[in-house]
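Analysis of the macromolecular model
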Amino acid sequence: MKYSESARIIKQERLASDVFSLWIEGRIAEEARPGQFIAVYTKDPSRLLPRPISICETEGRRLRIVYRIAGEGTRQLSGLREGDTVEVTGPLGNGFPAEVKGPVLLIGGGIGIPPMLFTAKSRNDNIIVLGYRDPELFLLRELSEYGRVHIAVERPQECGREGSEYIEGLLKEGIIESFTKGNVLDAIRENGLSAGSAFACGPAPMLRAVKEYCGVNGIEAWVSLEERMACGIGACLACVCGSRDIDPHSGVRNKRICAEGPVFKAEEVII
Amino acid sequence: MKERKLSVDIAGVTLKNPVMTASGTFGSGMEYSELMDINKLGAVVTKGVSLLPWEGNGTPRVAETSSGMLNAIGLQNPGIDTFIERDLEFLYKTIDKTDIPTRIIVNVCGKTEEEYVEVVRRLADTDADLLEINVSCPNVKEGAIAFGQDPGALSRITEKIKRAARQPIIMKLSPNVTNIALMARVCEEAGADAVSLINTITGMKIDIEKRRFVLSNKTGGLSGPAIKPVAVRMVYECAGAVRIPVIGMGGIASGEDAIEFMMAGARAVAVGMMNFRDHLITEKTVVSMIQYMERHDIRDINEITGCVR
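Residues numbered from 1 in each chain as written. Chains lettered and ligands numbered in written order. Predicted model: local features only at pLDDT ≥ 70, side-chain atom pairs only at ≥ 80, totals over all residues. Heavy atoms only, no water.

Attention now moves to the overall build of chain B. A tally of helices and strands in chain B yields nine helices and 16 strands. Its C-alpha atoms give chain B a radius of gyration of 18 Å, near enough to 19 Å, the size a compact globule of 309 residues would have. Each of the three principal axes of chain B carries a C-alpha extent, and together these read 55 × 45 × 40 Å. Every one of the 309 residues in chain B was classed for burial, and the buried ones make up 62%. At a minimum sequence separation of 6, the contacts of chain B that also span at least 24 residues come to 71%. (Helix = DSSP H or I, 4+ residues; strand = E, 2+ residues; numbered from the N terminus. Rg over C-alpha atoms; globule rule 2.2 N^0.38 Å. Buried < 20%, exposed > 50% of the residue type's maximum accessible area, 1.4 Å probe, protein only. Contact = heavy atoms within 4.5 Å.)

Have a look at this one:
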């Protein structure tokens, strides 16, 4: 069941220079599953399309999104405060498969990290690999409560000496198992990480690399894709991705990210 | 409370109210029916359907613009066979069989005259009440808009489709022409039962950081409240040029907007892009039209059609 509602804001806080955490209250939370997303609408009548944002976690009737300011719409969203309302529709799409058993590599890159918290909380035996572009390690401590965490940072030097001490501290404290300078694939290779399955969310180049690596190494991979959306519910056919086979709904070789996705078996889609 | 008449007549087909969906913004209603009641609508206009499945354009297919959006979906559709089996079947099962049921209007597209004619023939034995002929999509390379921008081609295709169609035909006009009223007249003379307008206005958006077009198709069709004044003007011009019904659309976001289109000469209206912003917008449009009628004590909605001259 999907709901369109005016959700009350419980809490808004900044997690990194351009990353915000927003808790809202409403019916969507009760039905949301890891890997699903919500459509968030701005109050600005000149910006009419939804911002599709993945669900970071839920608690009862409360739902949390963690998002990056990508433009004026998300900047306005970051200005909303406790007690304000925001128009949302959800939960949308299909999440990561709940039936997968055994250890899973949960791979999150950049603003693809938030849905991994919801996913990690829903299962045991998580090997969590997080890729950050700089040492603003948002959601790291929260994720470390639900599995062994390995991090990759592309530009660790950005915070200088203090930053390396900080990372040393995280290793000593046991918050992270390893630190790699580079991307999530570098971290996976450097630490010889493996599992029967992998769930990934992040930028397209990362997902392409994960798909290739998992294919070669016999790991069953699921990826969460992103595309510009309009209706968010599968009617307008804006947010499609190429598919290996003819899709039964579309009748052609593409699938709707908002309806059949956003999570797909990696081998079935063209990234 | 006084009885208010909301029903309107399009080519002998009665709509319970003048509000329909604009093709391409509503699929066949399947997805929306989870969130709203399609039986509240005058008609559902389905997404364009062609003879064979079409893959559509690459992504990104949409871009947000000020009070509107650009789209270049490229008429992706599963082809007429799947459409009849699945989409029309869904509408048949979902629409209440009342005195005036929500009408089914099937939007037809094609690359050649023959393809349009074949799709129209296949629809003859279905529950489609009316056919809307898309000769104005700006996002496909062959067919579509090529027929809608040339009076000779428009006249020929209208005549051929009219001969083949069992249902009345509505020609959907492009705003990307010099004189849209002339196009409406061409359709009327060639036998069209109604015209609908406007389709989207061709536009472009460039990402200046990446020095790239935002849409993979480079150009796309502009829709949403940004185009409403253009659409109202064109509806006014066409309504003054033809006797057949004019169906108005382009940026409708409220009952008040719908009333404005009717005053400009529209017999019925369609809500398009705003379905994306608010999945309940069509239902809300009907409700606020009734409120307007009550405020101004209008007995019959047809009274306002073309009342501003």
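There's more to say after this.
This brings us to the overall build of chain A. A tally of regular secondary structure across chain A gives seven helices and 17 strands. Against the globule reference of 18 Å for 271 residues, chain A gives a C-alpha radius of gyration of 18 Å, in line with a compact fold. Seen along its three principal axes, the alpha-carbon backbone of chain A occupies a region of about 45 × 45 × 30 Å. Within chain A, the fraction of its 271 residues that count as buried is 59%. Residue pairs at least 24 apart in sequence account for 62% of intrachain contacts in chain A once pairs closer than 6 positions are excluded. In the form shown here, chain A has an accessible surface area of approximately 11100 Å², with 46% of it arising from carbon and sulfur atoms. Distance between charge centres in chain A, computed from 34 positive and 37 negative side chains, equals 3 Å. (Areas by Shrake-Rupley, 256 points an atom, 1.4 Å probe, with all protein chains shown as cover. Lys, Arg positive; Asp, Glu negative; His and termini not counted. Charge placed at Lys NZ, Arg CZ, Asp CG, Glu CD.)

What follows deals with the layout of surface pockets. Empty space among the atoms becomes apparent when a probe as large as a water molecule is rolled across them. A volume near 350 Å³ is recorded for the second largest pocket. In terms of lining residues, the second largest pocket is bounded by Glu227 and Arg228 of chain A together with Thr59, Pro60, Asp207, Lys210, Arg212, Phe213, Val214, Leu215 and Ser216 of chain B. Here the residues of the lining of the second largest pocket sort into four nonpolar, two polar and five charged. (1 Å grid on protein atoms, 1.4 Å probe; cavity = no way out; pocket = protein on both sides within 12 Å on 5 of 7 lines; lining within 4 Å. Points joined across faces, edges and corners; volume = space filled by probe spheres on them. Nonpolar A, V, L, I, M, F, W, Y, C, P; charged D, E, K, R; others polar.)

Our next topic: the nonpolar core. Residues Ile107 of chain A together with Val106, Ile133, Met171, Leu173 and Leu197 of chain B are the most contacted members of the largest nonpolar core, which totals 141 residues. Counting residues per element, this core draws most heavily on helix α5 (residues 180-189) of chain B, which supplies six residues. If we skip the residues at most four places from it in the chain, leucine 197 of chain B touches Leu173, Ile180, Met234, Val235, Cys238, Val246, Ile247, Gly248 and Met249 of chain B. Listed in part, the 31 residues of the second largest apolar core include Ala16, Phe96, Val104 and Leu117 of chain A. (Core = buried A, V, L, I, M, F, W, Y, C linked by side-chain atoms within 4.5 Å.)

What follows concerns the side chain of asparagine 71 of chain B. Take asparagine 71 of chain B: it is sitting in strand β6 (residues 68-71). Here asparagine 71 of chain B is in contact with Arg61, Val62, Asn139, Thr200, Gly220 and Gly221 of chain B, once residues within four sequence places are set aside.

A word on the interface of chain A and chain B. Every contact between the two is made by 35 residues of chain A and, on the other side, 34 residues of chain B. Roughly 2800 Å² is buried in total at the junction of chain A and chain B, and carbon and sulfur atoms are behind 57% of that figure. On inspection of chain A and its partner chain B, the count reaches three salt bridges. Residue arginine 51 of chain A is joined to glutamate 64 of chain B by a salt bridge in which the shortest nitrogen-to-oxygen separation is 2.7 Å. Across the chain A-chain B interface, the total number found is 13 residue pairs in polar contact (both at pLDDT 80 or more). For the side of chain A that touches chain B, the secondary-structure elements that each account for two or more residues are β1 (3-16), β7 (85-92) and β15 (254-256) of chain A. Tallied by class, residues from the side of chain A that touches chain B come to 18 nonpolar, nine polar and eight charged. (Buried area = accessible area lost by both parts, 1.4 Å probe. Salt bridge = Lys/Arg side-chain N within 4 Å of Asp/Glu carboxyl O. Polar contact = N/O pair within 3.5 Å; in protein donor to acceptor, adjacent residues only side chain to side chain.)

Residue and element names in this part refer to chain B. Spatial ordering of the open sheet is given by β5-β6-β14-β11, a layout of four strands whose pairing is antiparallel. In this open sheet, the two strands that pair with only one neighbour each are β5 (62-65) and β11 (201-204). Direction aside, neighbouring strands of the sheet carry axes that sit 40° apart on average. In the sheet, β6 pairs with strand β14 (residues 219-223) via three bridges, with the strands oriented antiparallel. Bridge pairing links asparagine 71 to glycine 221 in β14. (Pairing = 2+ DSSP bridges. Axes fitted to C-alpha atoms, helices over the stretch in contact; angles between N-to-C directions.)

Glancing now at empty space enclosed by the protein. All names here are of chain B. If you walk through the whole model with that rule in mind, you get four cavities of 30 Å³ or more. Put simply, the largest cavity is a space of about 480 Å³. In terms of lining, the largest cavity is formed by 33 residues, of which the most central are Ser23, Thr25, Asn71, Asn199 and Thr200. Counting residues per element, the ones that place at least two in the lining of the largest cavity are β6 and β14. Here the lining of the largest cavity is built from residues that sort into 15 nonpolar, 16 polar and two charged.

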